[in-house]
Amino acid sequence: MTTIGTRALMDDIERDVRNRLRRHILKRGGAAEYEDEALFERVRAVLGRAVDERNADALLLPELLDSDVEWELQTHLRLTTHRPVLGRVILLVKRRLLLPMTRWLFEYSQENFRRQQRINAVLFACIEDLAIENARLRRESKR
Amino acid sequence: MKLACVIHRFGADIAGGSESHCRVIAEHLAANHDVTIITTCAKDHVTWKNHYPGGESQIGRLRVLRFPVARPRDLHRFMDISDLVFADRASPAEQEQWFRENGPDAPELLDHLRRHGADYDRLLFWSYRYYHSYFGVPLVAQRAVLVPTAEADPLIRVDALDQLFALPAGYVYLTPEEAELVKGRVPSRTPSAIIGCGLDPVARPPDVSRLADLGIEDPFVLYLGRIDPNKGCDFLMRNFLRYAGLGRRIQLVMAGPSSMEVPNHASIRALGFVDDGVREALLARARVLVMPSPFESLSMVLLEAWNHGVPVLVNARCRVTRGQTERADGGLYFRNVAEFEAALDYLLDHDDTRRRLGAQGLAYVDREYRWPTVMAKLEALLNQVGSR
């Protein structure tokens, strides 16, 4: 008996899902360019590569933005003080009293910040993939 | 040989993947070697609270040495330092502190390794991410064999691991994908083996009448393991409810301890921890086993499903489970909700293909994952480590 290949089955299923997605987007008034099935597939492949294959921790754009990471979402709460004596008491109150009381709000915000950070990373990855595609096409057009 | 298996927690009632792997490998090693389990008193993987009595005990052929956890895990502190470390903003000292905060913090276990490490011919450490491996491997590096159980999560990229991964005398990997993830940081001549885990053939048809006692009816899709957001269970439950809402009569049965809320809905049945009899009966009757986890080093439940001829549906973003499924030709995978629904539809609508995928999975287990095959690879590695 011949083997049924997982990849072959998945190729059929993925093609079917892509076609349904394309028709769904067109039906809802999406880009008319997607009437062209091959063009839609090319766009989907570029964006899909950015989402699935790029390592969000190793992107070029965040490295170029700024080295002091002021643009980056700060999900970590770091309690510090500049007061040498009173500072310890203030920190103790913040850590032992205020932080436990407001922890629910901090965690709620933190979860949403994490989601935003994930979206940012995906968008950075998409831009990077488009830039790579652009650079490659420019190089090929010059040959 | 006198062997030690060092693991963060140990017990027959513990559902974790690396813990189960350690237990079954240790039991098989004990057929030919003198095996000691070196572990903590913890049972709960979240708090590491002491549960088992400390000291020496005997479980079957295994001598078990348990050491107390000095302090339970402070989750807030752990989450805070995790944010720093995973965002690549942590200093080397903060990275090391992460391993302390992750725990289980058992200094007496390290003392034992320091004082008695040389009494063992080889010490196998499971899971690089826990305190016992990070701080224990350097104490006995020349005799240490690391079973990293590494996953493609943010921790694997932390710089502090360069030092750790350079130390062990040997490596045991569970899949080619895991080996790929770690090997770049391991000295090239370090012996290693990809062993996976062994399974016995299903001896006799399980007693499926127990499913009726639990109110489980055909057809159902099965999830086996910890019910946890890190295992992709939030995706699975949310989208299975949506799928069932489209009109198909199908139930999702989830068997395993839960650390998250399970929706109270007729389409989802959560059984909690189940005994081996129920587990076997579920595997015998399931149409499909779903594994939505994005991070795995080896999915034992995939092997168990194939052992029963059940095809699987896995998360394509997890290289390991996708790799296993493709090598076995034993199921399908999904990247998003639309593919999840389409792949599940396909498996439930094509009985013949579904059965053949399950049978191909079983043939793969027969080829690669029977105990004699797995233990021969491990024994060869242990001998190779010693002859260096």
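Residues numbered from 1 in each chain as written. Chains lettered and ligands numbered in written order. Predicted model: local features only at pLDDT ≥ 70, side-chain atom pairs only at ≥ 80, totals over all residues. Heavy atoms only, no water.

Here we take up the pairing of strand S10 (residues 251-255) of chain B. All names here are of chain B. Burial runs high along S10: 5 of the 5 residues are buried. Of the two faces of S10, the one holding Gln251, Val253 and Ala255 and the one holding Leu252 and Met254 are both buried throughout. Pairing between strand S9 (residues 220-224) and S10: 5 bridges, direction parallel. Across the sheet, Leu224 pairs through a bridge with Ala255, a residue of S10. In this region the chain leaves S9, passes through helix H9 (residues 233-245) and returns to the parallel neighbour S10; the handedness of that crossover is right-handed. Sheet topology places S10 next to strand S11 (residues 268-272); 4 bridges connect them, and they run parallel. The residue of S11 that forms the bridge with Ala255 is Gly272. (Buried < 20%, exposed > 50% of the residue type's maximum accessible area, 1.4 Å probe, protein only. Helix = DSSP H or I, 4+ residues; strand = E, 2+ residues; numbered from the N terminus. Pairing = 2+ DSSP bridges. Right-handed = clockwise from strand over helix to strand, strands pointing away.)

Our focus in this paragraph is the environment of Val290(B). Residue and element names in this part refer to chain B. In this fold, Val290 is placed in strand S12 (residues 288-291). Residues Val290 and Val301, 11 residues apart in the sequence, show an inter-C-alpha distance of 9.4 Å. With residues near it in sequence (within four places) discarded, Val290 still touches Val221, Leu222, Tyr223, Leu236, Leu313 and Phe340. (Contact = heavy atoms within 4.5 Å.)

Packed helix pairs are characterised by how far apart their axes lie and by the angle those axes make with each other. Direction vectors running N to C along helix H4 (residues 86-142) of chain A and helix H2 (residues 75-86) of chain B enclose 30 degrees, while the axes themselves pass 14 Å from each other. Considering the angle they form, H4(A) stands roughly parallel to H2(B). Relative to H2(B), the crossing made by H4(A) is left-handed. For the pair H4(A) and H2(B), contact is made by Arg103(A), Phe106(A), Glu107(A), Gln110(A) and Arg114(A) and by His76(B), Met79(B), Asp80(B) and Asp83(B), respectively. (Axes fitted to C-alpha atoms, helices over the stretch in contact; angles between N-to-C directions. Parallel < 35°, antiparallel > 145°, perpendicular 65-115°, else oblique. Left-handed = near helix turned anticlockwise from the far one by under 90°.)

For the rest of this paragraph, the subject is the state of the cysteines. Residues and elements named next belong to chain B. Overall, the coordinates contain 0 disulfides over all chains when judged by the stated rule. Just so you know, Cys41 is unpaired, no disulfide at all, and the nearest cysteine sulfur is the one on Cys22, 16 Å from it. Judged by its relative accessible area of 2%, Cys41 is buried. Cys197 carries a free sulfur, and the closest cysteine sulfur to it, the one in Cys22, is 11 Å from it. (Disulfide = S-S within 2.5 Å.)

So, about the sheet that holds strand S6 (residues 144-147) of chain B. Residues and elements named next belong to chain B. Ordered in space as S3-S4-S2-S1-S5-S6-S7-S8, the 8 strands form an open sheet in which the pairing is mixed. This sheet does not close on itself; its edge strands, each paired only once, are strand S3 (55-59) and strand S8 (192-194). Between one strand axis and the next, the sheet turns through 20 degrees on average, direction left out of account. On the sheet, helix H1 (residues 17-29) packs against strand S1 (2-6), strand S2 (34-40), strand S4 (62-67), strand S5 (122-126) and S6 and is oriented at approximately 155 degrees with respect to S5. Each of strand S7 (170-173) and S8 is contacted by helix H7 (residues 176-183), which is oriented at about 145 degrees to S7, the strand it contacts most.

A few words on a nonpolar patch on the surface. Residues and elements named next belong to chain A. Residues Leu86, Val89, Val93, Leu97, Leu98 and Met101 make up a contiguous nonpolar surface patch of about 560 Å² in total accessible area. Inspection of the secondary structure puts Val93 in helix H4. According to the relative accessible area criterion, Val93 is partly exposed, its value standing at 37%. (Patch = residues over 30% accessible without salt bridge, like charges linked within 9 Å, V, L, I, M, F, W, Y side chains within 5 Å. Areas by Shrake-Rupley, 256 points an atom, 1.4 Å probe, with all protein chains shown as cover. Salt bridge = Lys/Arg side-chain N within 4 Å of Asp/Glu carboxyl O.)

Turning our attention to the pattern of salt bridges. According to the stated counting rule, one finds 37 salt bridges over all chains in the structure shown. Between Arg114(B) and Asp111(B) there is a salt bridge, with the nearest N and O atoms lying 2.6 Å from each other. Placement of the pair is Arg114(B) and Asp111(B) together in helix H4 (residues 107-116), with a separation of 3 residues, close to one helical turn. Members of the salt-bridge network, linked through shared partners, are Arg42(A), Arg49(A), Arg54(A), Asp129(A), Glu133(A) and Arg136(A).

Residue and element names in this part refer to chain B. An order of S11-S10-S9-S12-S13-S14 is seen for the 6 strands of this open sheet, with the pairing classed as parallel. Of all the strands in the sheet, just S11 and strand S14 (331-334) have a single pairing partner and so form its edges. Taking each pair of neighbouring strands and ignoring which way they run, the sheet shows an average axis angle of 25 degrees. Across the sheet, helix H13 (residues 337-349) is in contact with S9, S12, strand S13 (312-315) and S14; its angle to S14 comes to roughly 165 degrees.

Counting residues at the interface gives 28 residues for chain B, matched by 29 residues for chain A. Of the roughly 2600 Å² buried at the junction of chain B and chain A (both faces included), carbon and sulfur atoms supply 50%. Looking at the side of chain B facing chain A, the largest losses of area belong to Asp83(B), Arg89(B) and Arg356(B), adding up to 23% of the total buried there. Summed over the shared surface of chain B and chain A, the number is 4 salt bridges. Linking Arg7(A) and Glu326(B) is a salt bridge whose minimum nitrogen-to-oxygen distance equals 3.1 Å. For the side of chain B that touches chain A, the elements supplying multiple residues, two or more each, are H2, helix H12 (319-328), S14, H13 and helix H14 (351-368) of chain B. Along the lines of polarity and charge, the residues of the side of chain B that touches chain A split into 11 nonpolar, 6 polar and 11 charged. (Buried area = accessible area lost by both parts, 1.4 Å probe. Nonpolar A, V, L, I, M, F, W, Y, C, P; charged D, E, K, R; others polar.)

Residues and elements named next belong to chain B. Geometrically, the link from Gly103 to Pro104 is a cis peptide bond, its omega value of -10 degrees lying close to zero. Among the structural elements, Pro104 can be located in the loop between helix H3 (92-102) and H4. A cis amide bond links Asp218 to the next residue, Pro219, at an omega of -10 degrees. We note that Ser127 has phi near 70 degrees; this positive angle belongs to a residue other than glycine.

We now examine the packing of aromatic side chains. Residue and element names in this part refer to chain B. Summed over all chains, the structure comprises 17 aromatic pairs over all chains. Relative to Phe340, the ring of Phe334 has its centre 5.2 Å away and its plane inclined at 80 degrees; by these criteria the two rings are edge-to-face. For the pair formed by Phe334 and Phe340, the shared burial category is buried. By way of ring pairs, the aromatic residues Phe78, Phe86, Trp98, Phe99, Tyr131, Tyr134 and Phe135 are connected into one cluster. In this arrangement the basic side chain of Arg73 is found over the ring face of Phe78, its NZ or CZ atom lying 4.8 Å from the centre. (Phe/Tyr/Trp six-rings, centres within 6.5 Å; stacked < 30°, edge-to-face > 60°. Lys NZ or Arg CZ within 6 Å of the ring centre and 35° of its normal.)

Residue and element names in this part refer to chain B. In this structure, Asp105 sits in the loop between H3 and H4. The exposure class of Asp105 is buried, given its relative accessible area of 12%. Engagement of the side chain of Asp105 in a polar contact is seen with the side chain of Arg71, the distance being 3.0 Å. Within the structure, Asp105 has its side chain in polar contact with the side chain of Tyr131 (distance 3.2 Å). When residues no more than four places from it in sequence are discounted, the contact partners of Asp105 are Pro68, Val69, Ala70, Arg71, Arg100 and Tyr131. (Polar contact = N/O pair within 3.5 Å; in protein donor to acceptor, adjacent residues only side chain to side chain.)

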